[in-house]
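# A look at the structure
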Amino acid sequence: MQNGLKLLTMLILSFLCLCLAACIGSVAVPVSQVIKIVANRLLGLPLSENISALNATVVWNLRMARACLAFLAGAALAASGTVMQSVLRNPLASSYTMGVSSGASLGAAIIIISGFSLPILGRFTLPAAGLLAGLLTVFLAVSLAAKVDKGFSGNTIILTGMVFSLFVNALLTLIAYFFQSHTRNILLWQMGTFALKDWSYVYLLFPIVMIGLILLLYHSRELDLLTFGEEQAAVMGVETTKVKWRLLSVAAALTGSAVAFCGVIGFIDLIAPHVVRRWCGASHRWVVPVSALFGGCFMVLADMVARTIISPSELPVGAITALIGAPFFAYIYFKRRK
Amino acid sequence: MLQLNHLNCGYDTEDVIRDVSLQIEAGKIVCLFGPNGCGKTTLLKAIAGLLPYRGTIRFAGVEVAKMKRRDLAANIALMSQVSDTYFDYSVYDTVLLGRYLYGSKGFFPHTSKADEEIVRQCLEEVDLWQVKDQPITELSGGQLQRVFLARTFVQEPRLILLDEPTNHLDLKYQLELIERLRTWCQRPGRAVIGVLHDLNLALQFADQAVLLQAGSVALDGEAKEVLQNPMVTEVFGIDIKSYMQKSLLKWQ
Amino acid sequence: MLHWKMKKAALVLITVLTLVSTGCNSPFAGKVLPVREITDRNGVMYEIPKTVDRIVSLSPTLTQIILDLDMTDKLVGVDTNSRKFYDLAKEIPAFDMMAPDAEQLLALKPDLLLVSDMSLAGGADDPFALLSKNGICVIAVTTPATLAQIEQDVAFVADLIGAKEGGEALVAAMEAKLKEYRVLAEAVTVQKTVYLEVSAAPYIYSCGSGVFINEIIELIGAKNVFRDQKGWFSVTPEAAVAADADVILTNIDYIEDPVAEIMSREGWQDMKAIQNGTVYRINANASAQANHHVVDAVAEIYAAVYQNQKAD
């Protein structure tokens, strides 16, 4: 199958996943009603009387908003993971390698304890702080790597990222200890969830993810070249330092926003690139978008399972991604290595 | 074509290359040799613009440090040693990447007919056209080296730098490689600098030979003379010439 | 041969005694204080000193009982939360309930150390093993699941500290109050459904059966929408919305206005409770306290559910 066709398939699959997520939930809403509700909200078609307002809000505000947010977060994480693995030339590199999630958690913790809120941002002060702190941590980690090793090779970044992660986590532990009344909030913030996050989260995350993906696509050639090593990429004409900074920043922004808005959810950024590379080859022109779509679908499905499997209770979505992700990944990875 | 003057460079604080001055003319095949650790790879990297340096490296009169990456790539190509972490690019795609600097920037980098033609030509020359769709992770060391060679040619440089290009190749391909390089070099404005361990090959095809020892030039001149110079025995610790001659006798 | 048998017998005896009397080994080496046995509602038997003069309480719930029994003078140490909630003499040291300073505790030479589940939840092994080994009587009062168990705990603590009659009085008063509400419940014509939230967005938690607050809801003649679940669990928002309870209660005290937060949730606006404004905050302390003050929670919940009265 041609790669173009594969991309189209993923797009269709993504659409189907969103439809599935809209139809499945704790409340039984017949599919015909779901369609009418979505048509009403999206196209303004009139809603018939016998569809209760409750059903309508459940489908649109509780399920669709949540599914869209999950899709965006999954896409962001998967795309970011792809870039990290390529730039760091390490198949186990993840978007969390550079310390983004620790930094974001620290930023959020500071806002939680101080109760500080910017008037313009309101309740989005918290995710904004998380995102900024995450980006700052990455900036520091990469700068340190660049100081230590002029070409900031993959391994150096992994090491400095780890150092910063550990350091920031230690700070977090201290803060959680000294501000015990907020400990719970701080810890819970880190746990990934899409519950009770309304459409405004989607509106904010959407442009970040789109711009990020576009920037990554723009550099798909450079990404290909970088996988052969920085030196080789440089002698073939890539401005490696500039391009690497840019790519790592985009990856950090994508992961940072996913974490800032939804908490830390692992695994998707690790397995999506592997699965997609097996299927589409290594060319980033295809791997980046297909990865993003795959990550999105996976996250939507994982969230769907998390919120329905022990209804009315809810499982943490991070547990689901790991539980499904690990064996799935093992199967895909080792199947090839017969 | 290439001029090095009082070149000093290295990694971190240590200088690996000390006060090297060289001149390389167009049309020449230069063999760079010396014991392990004498700085051959470092010198190649410096010429390719990968390392900061003190002194001058002038390519066609322009200082390498001042050239932009694309300009450097258009003129100088470096084939490094084969490493082991690669993603599953196909042979074709890998070689096509060598055309990067000729493509336009942007979302839909167009692969022109010219690009495709050059890739096809170079793949045929290294005998890998039949496996063009195979992932490079499934190739043998020798095949992989030929892929990178094709990619070097596809870049259409004026100076080719080779770091031990014959490592994984069997004899047939070694000789073919040399022939190809010789032919390539005959066109105007081209030169080749290769790091070779096999001094037989060096003797066979190099015009100029440079012996490096501890980062400095110990000998520099016509290949035949340099390779038979007694200093080579000193630097390497064995009498290469008599060893080779003895081996040759065994063939008769 | 005899010598060895005696040693073995002694070992067995000690093991049995240790197994039987949790938390309390023979008090202070050398001294033999008069002891008595007392059993808690879980069937665990403790050996405690006959006279109790020095008490450390690492649980605000238990501290409250001690205060109400007028036994404050016997209190020589409390936990940090108790210090925060109650007006206690400044000299009384306050300890972290999850990781108390063992040395300081030992130095206080308490006759009894009262802890709740919270303290035991801190670490994997028994954090108080060190203290028990040094002769301090550690008594763990586990979280009660029913109102009856709360009454038993109050009586038990009173008995422990030598205020048995005072305890009985507290229990009687509690029971009388509960009876009042049972009567009121019988008069309820239209039973209301209640959804109780105990953790803020986005990690909302509610409770099912098996916790005393659920019993309170039933006692006042209402129905917990999640009564067929067990214990505390995380709720998926869709289920909460679908349950469409008549009244929503929240006992969250760590955000400023939890009621406003719930009312402003996107997608919840069509719920009965939100449209009618029957979303109330109940006092966290009272509803979380597993002692006789739970009647305050009963009153509050009844007022919220059936009298549409907000708490202060």
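Residues numbered from 1 in each chain as written. Chains lettered and ligands numbered in written order. Predicted model: local features only at pLDDT ≥ 70, side-chain atom pairs only at ≥ 80, totals over all residues.

The next point concerns the overall build of chain B. Along chain B, the regular secondary structure elements total 10 helices and 10 strands. For 252 residues, the compact-globule estimate of 2.2 N^0.38 gives 18 Å, and chain B sits close to it at 19 Å. For chain B, the spread of C-alpha atoms along the three principal axes comes to 55 × 50 × 35 Å. In chain B, buried positions account for 41% of the 252 residues. (Helix = DSSP H or I, 4+ residues; strand = E, 2+ residues; numbered from the N terminus. Rg over C-alpha atoms; globule rule 2.2 N^0.38 Å. Buried ≥ 20, exposed ≤ 12 C-beta atoms within 10 Å, placed from the backbone.)

Helices and strands together make up the secondary structure of chain A, namely 14 helices and zero strands. Going from the N terminus to the C terminus, chain A shows its helices and strands as α-α-α-α-α-α-α-α-α-α-α-α-α-α. The C-alpha radius of gyration computed for chain A amounts to 20 Å, which stays within 12% of the reference 20 Å derived for 338 residues, consistent with globular compactness. For chain A, the spread of C-alpha atoms along the three principal axes comes to 65 × 55 × 40 Å. Split into buried and exposed, the 338 residues of chain A put 53% on the buried side. Within chain A, residue pairs in contact and separated by at least 24 positions form 76% of the contacts whose partners lie at least 6 positions apart. (Contact = placed C-beta atoms within 7 Å.)

Another aspect to go through is the interface of chain B and chain A. With 23 residues of chain B in contact, the opposing surface of chain A contributes 20 residues. Elements supplying a minimum of two residues to the side of chain B that touches chain A: α2 (69-75) and β6 (76-79) of chain B. Ranked by the residues each element gives to the side of chain B that touches chain A, the list is headed by α2(B), at three residues. Per-class residue counts for the side of chain B that touches chain A are 12 nonpolar, seven polar and four charged. (Nonpolar A, V, L, I, M, F, W, Y, C, P; charged D, E, K, R; others polar.)

For the rest of this paragraph, the subject is the arrangement of the chains. When the two pairs of chains in contact are compared, the highest contact count belongs to chains A and C. You won't find any contact between chain B and chain C; their C-alpha atoms come no closer than 39 Å.

Opposite the 24 residues of chain A that make contact, chain C presents 22 residues. Listing elements by their share of the side of chain A that touches chain C, those giving two or more residues are α3 (53-87) and α7 (180-190) of chain A. It is α3(A) that provides the largest number of residues to the side of chain A that touches chain C, a total of seven residues. Taken together, the residues that form the side of chain A that touches chain C break down as 10 nonpolar, nine polar and five charged.

Our focus in this paragraph is the sheet that holds strand β13 (residues 279-281) of chain C. Residue and element names in this part refer to chain C. Spatially, four strands are ordered β10-β8-β12-β13 in an open sheet, and the strand pairing comes out parallel. Every other strand in the sheet has two partners, leaving β10 (222-224) and β13 as the edge strands with one partner each. On average, each strand axis in the sheet is tilted by 30° relative to the strand beside it, whichever way the strands run. Packing against the sheet, helix α14 (residues 294-307) makes contact with β8 (192-197), β10, β12 (247-250) and β13, and its axis sits at approximately 155° to β12. (Pairing = 2+ DSSP bridges. Axes fitted to C-alpha atoms, helices over the stretch in contact; angles between N-to-C directions.)

Time to look at the pairing of strand β1 (residues 35-39) of chain C. Residue and element names in this part refer to chain C. With zero of its five residues buried, β1 lies for the most part at the surface. Of the pairings in the sheet, the one linking β1 to strand β2 (residues 45-49) comprises five bridges and is antiparallel in character. Opposite T39, over in β2, you have M45 as the bridge partner. Between β1 and β2, which follow one another and run antiparallel, lie five residues, and G43 among them has a positive phi close to 85°.

Here we come to unusual backbone geometry. Comment: phi is negative for the bulk of residues other than glycine, and the bulk of peptide bonds are trans. Of the consecutive residues A:S311 and A:P312, the connecting peptide bond is found in the cis state with omega at 5°. Among the structural elements, A:P312 can be located in the loop between α13 (284-308) and α14 (317-336). We note that B:D19 has phi near 45°; this positive angle belongs to a residue other than glycine. Tracing the chain through its elements places B:D19 in strand β2 (residues 14-24). Phi at B:A214 takes a positive value of approximately 50°, unusual for a residue other than glycine. Topologically, B:A214 is positioned in the loop between β9 (208-213) and β10 (216-222).

Turning our attention to the sheet that holds strand β5 (residues 62-63) of chain B. Paired through backbone hydrogen bonds, the strands of a sheet run either parallel or antiparallel to each other. Residues and elements named next belong to chain B. Taken in spatial order, the four strands line up as β2-β1-β4-β5 in an open sheet, and their pairing is antiparallel. Two strands lie at the open edges of the sheet, namely β2 and β5, each paired on one side alone. Pairing of strand β1 (residues 2-11) with β2, which is carried by seven bridges, proceeds in the antiparallel orientation. Paired with G10 across the bridge in β2 is D15.

Core analysis: the largest hydrophobic core is formed by 272 residues, its most contacted members being A:L69, A:A73, B:L161, C:L113 and C:I301. A total of 22 residues in this core trace back to one element, the largest contributor, which is α3(A). A domain split of this core shows at least three residues from each of domain 1 (17-168) and domain 2 (188-307) of chain C. What C:L113 contacts, discounting residues up to four positions off in sequence, is C:V56, C:L105, C:L131, C:I136, C:C137, C:V138 and C:I139. (Core = buried A, V, L, I, M, F, W, Y, C linked by C-beta atoms within 7 Å. Domains from an automatic or database assignment.)

Attention now goes to the packing of helix α4 (residues 100-114) of chain A against helix α6 (residues 154-178) of chain A. Residue and element names in this part refer to chain A. The contact between α4 and α6 brings their axes to 9 Å, and the two run at 25°. Here α4 is positioned roughly parallel relative to α6, judged by the angle of their axes. By crossing handedness, the relation of α4 to α6 is classed as left-handed. When α4 is examined against α6, the residues S102, G103, S105, L106, A109 and I113 are found in contact with a partner set consisting of S165, V168, N169, L171, L172 and I175. Of the residues in the contact of α4 with α6, the class split is seven nonpolar, five polar and no charged. (Parallel < 35°, antiparallel > 145°, perpendicular 65-115°, else oblique. Left-handed = near helix turned anticlockwise from the far one by under 90°.)

Residues and elements named next belong to chain A. An ideal rise of 1.5 Å per residue puts 33 Å on 23 residues; helix α11 (residues 240-262) measures up with 32 Å between its terminal C-alpha atoms. α11 sits mainly inside the fold: 18 of its 23 residues count as buried. Directly beyond the C-terminal end of α11, a positive phi value near 90° is found at G263. (Expected span 1.5 Å × (residues − 1).)

The predicted model of chain A has a mean per-residue pLDDT of 88, with 99% of residues at 70 or higher. Between the elements of chain A, mean pLDDT differs from a low of 78, seen in α7(A), to a high of 95, seen in α13(A). (pLDDT = per-residue confidence, 0-100.)

Residue and element names in this part refer to chain A. The terminal C-alpha atoms of α4, which comprises 15 residues, lie 21 Å apart, in line with the 21 Å expected from a rise of 1.5 Å per residue. For α4, a buried count of 12 out of 15 residues is recorded, marking the element as mostly surrounded by other parts of the structure. The set of residues buried in α4 consists of V100, S101, S102, G103, A104, S105, L106, G107, A108, A109, I111 and I112. Where α4 is buried, its residues contact α5 (125-148), α6, α7 and α11. Positive phi appears at G115, one or two residues downstream of α4, with a value of about 65°.

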